[in-house]
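Each chain is listed here by its residues.
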Amino acid sequence: MEEDYADLRDAIQKLCAKYPGAYWRKLDRDMAYPKEFVEELTKSGWLSVLIPEEHGGAGLPLSAAAAILEEMQAQGCNGGACHAQMYTMGTLLRHGSEEQKAQYLPQIASGTLRLQAFGVTEPTSGTDTGALRTTAVRDGDDFVINGQKIWTSRAEHSDLMLLLARTTPLSDGMKKTHGLSVILVDMREALGKGLTIRPIRTMMNHATTEVFFDNLRVPAQNLIGEEGKGFRYILSGMNAERILIAAECVGDAKWFTRKSVEYAKQRNVFGRAIGQNQGVQFPIAKAYANMRAAELMVKEALRLYEAGGNPGAEANMAKLLAADASFEAANACIQTHGGFGFTEDYDVERKFRETRLYQVAPISTNLILSYLAEHVLGLPRSY
Ligand SMILES: Cc1cc2nc3c(=O)[nH]c(=O)nc-3n(C[C@H](O)[C@H](O)[C@H](O)COP(=O)(O)OP(=O)(O)OC[C@H]3O[C@@H](n4cnc5c(N)ncnc54)[C@H](O)[C@@H]3O)c2cc1C
């Protein structure tokens, strides 16, 4: 695996310096999309590093993408607005036809096409993906799509959506993860013709939405890979996604710890810096130690991934430990700031809300623990 990507981190730091807390605070208040930030990242090529060179990207390894996202978060920015542009194309890259790759990847690499909407979760199925109800029924040269997705983030800021829908009805004895297919939906053509997108207001500014399909026609040639194998295709991208989100959490934890230390040194109460009190130092030090442990797990997952492995256990553990570490660091940071931790001006409460998400999405802590219990420890399947 590569070293620490010092030059790349330096470039990201410089870019992020143009988007300080005040920029994110305003967006947060208005629940608005960080258009300028995302455009600059796109133009600078940072969102296409994972696309192979022959398709117009930089062809860098996953560890480079992890370094980019970690650094963005460590600088106080929010990669959640665009991280999916980096990795959603992985399904197309691994399972798409040569024609599909030639048609879409160069445009995704240049940023003229945004593929950062991922429609899997539904209101009634939740974590139980196999129970999803959105259907895609073949009719001539089209699929006709009906159903609903929820939490389809960035749908309003994406041209394409990677959709998981049921193409074969569930029948007795059939595994419910079978009969699902991945279809690329061109939302520019579909909006108003069977596709409706409604934003959902959440506790943090994440541009998430619910999406409704009402007899939406999508060309059958937009099917990715083989019909009915979509669940497997989606799973194949999960480890990379988990590692990258874990890297973001490590970045968040670094930001919180830096803020805690700076504040604890300069805030004077009882005639001395609050950071002189062990009661203030210890939670920060403990969160730091846990961040470093999580960081090592992220590196281990990256090492195995880049050696050609499929490190489900390490990717899941990295995500679990890093999400816990970032939330611990966030909590310590609020506590260190006392009342000021709750004011908008310090950015701590905003980042606190943002990093809390990663205990639930893209996979919740319980489901990671279930995975480890069953697949690593050999305990009985619990669901
Ligand atoms: C802001 C945001 C953005 C998102 N972006 C996307 C996106 O772009 N695309 C997309 O497809 N999805 C997205 N998601 C969905 C996300 O992946 C799901 O919210 C998550 O997987 C949990 O599913 P759920 O919300 O339906 O919770 P549920 O499945 O209803 O679970 C609720 C709680 O019960 C627990 N639970 C459920 N079953 C078990 C079990 N068997 N054992 C133990 N605990 C269990 C869960 O861990 C969770 O804590 C997003 C979610 C949010 C909040």
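Note that the structure is predicted; figures quoted are calculated from it, not measured.

Caption draft 1: Fine view of the pairing of strand β2 (residues 135–139). With 5 bridges connecting them, β2 and strand β3 (residues 142–150) associate as antiparallel partners. Bridge pairing in β3 links T135 to N146. Joining the antiparallel neighbours β2 and β3 is a turn of 2 residues, in which G140 adopts a positive phi near 60°.

Caption draft 2: Quick look at helix α14 (residues 365–376). Here α14 is 12 residues long and its end C-alpha atoms lie 16 Å apart, about the 16 Å a rise of 1.5 Å per residue gives. Here α14 has its buried residues at T365, I368, S370, L372 and E374. Buried residues along α14 sit in contact with α12 (312–337).

Caption draft 3: How the structure looks around the packing of aromatic side chains. Applying the stated criterion across every chain yields a total of 8 aromatic pairs. Each ring, one from W24 and one from F37, has its centre 4.9 Å from the other, and the planes form 80°; the classification is edge-to-face. Taken together, the residues span a long stretch of sequence, with W24 in helix α2 (residues 21–30) and F37 in helix α3 (residues 35–43) at a distance of 13 residues. Residue classification places W24 among the buried positions, given a relative accessible area of 5%. Where F340 meets Y346, the ring centres are 5.5 Å apart and the plane angle is 40°; that geometry is what we call tilted. Classification of F340 by relative accessible area gives partly exposed; the value is 36%. The rings of Y19, Y23, W24 and F37 are connected pair by pair, giving a single aromatic cluster. Between the NZ or CZ atom of K351 and the centre of the ring of W255, over which it lies, the distance is 5.4 Å. Here the guanidinium or amino end of R356 rests over the ring plane of F327, the centre of that ring lying 5.4 Å away.

Caption draft 4: Layout of unusual backbone geometry. Backbone torsion omega between A361 and P362 reads -5°, so that peptide bond is classified as cis. Looking at the element boundaries, P362 is found in the loop between α13 (348–356) and α14. We note that Y5 has phi near 60°; this positive angle belongs to a residue other than glycine. Counting through the fold element by element, Y5 comes out in the segment before α1 (6–17). Taking relative accessible area as the criterion, Y5 reaches 8% and is therefore assigned buried. Positive phi values are uncommon outside glycine, yet N215 reaches one of about 55°. Here N215 is to be found in strand β7 (residues 209–219).

Caption draft 5: Here's a closer look at the packing of helix α10 (residues 238–266) against α13. α13 packs onto α10 with a crossing angle of 155° between their chain directions and a minimal axis gap of 11 Å. When the axes of α10 and α13 are compared, the pair comes out roughly antiparallel. Crossing geometry of α10 relative to α13 is assigned as left-handed. Across from D252, W255 and F256 in α10, the residues of α13 making contact are V348, K351, F352 and T355. Broken down by class, the residue content of the contact of α10 with α13 amounts to 4 nonpolar, 1 polar and 2 charged.

The rules we used
Residues numbered from 1 in each chain as written. Predicted model: local features only at pLDDT ≥ 70, side-chain atom pairs only at ≥ 80, totals over all residues. Heavy atoms only, no water. Pairing = 2+ DSSP bridges. Helix = DSSP H or I, 4+ residues; strand = E, 2+ residues; numbered from the N terminus. Expected span 1.5 Å × (residues − 1). Buried < 20%, exposed > 50% of the residue type's maximum accessible area, 1.4 Å probe, protein only. Contact = heavy atoms within 4.5 Å. Phe/Tyr/Trp six-rings, centres within 6.5 Å; stacked < 30°, edge-to-face > 60°. Lys NZ or Arg CZ within 6 Å of the ring centre and 35° of its normal. Axes fitted to C-alpha atoms, helices over the stretch in contact; angles between N-to-C directions. Parallel < 35°, antiparallel > 145°, perpendicular 65-115°, else oblique. Left-handed = near helix turned anticlockwise from the far one by under 90°. Nonpolar A, V, L, I, M, F, W, Y, C, P; charged D, E, K, R; others polar.

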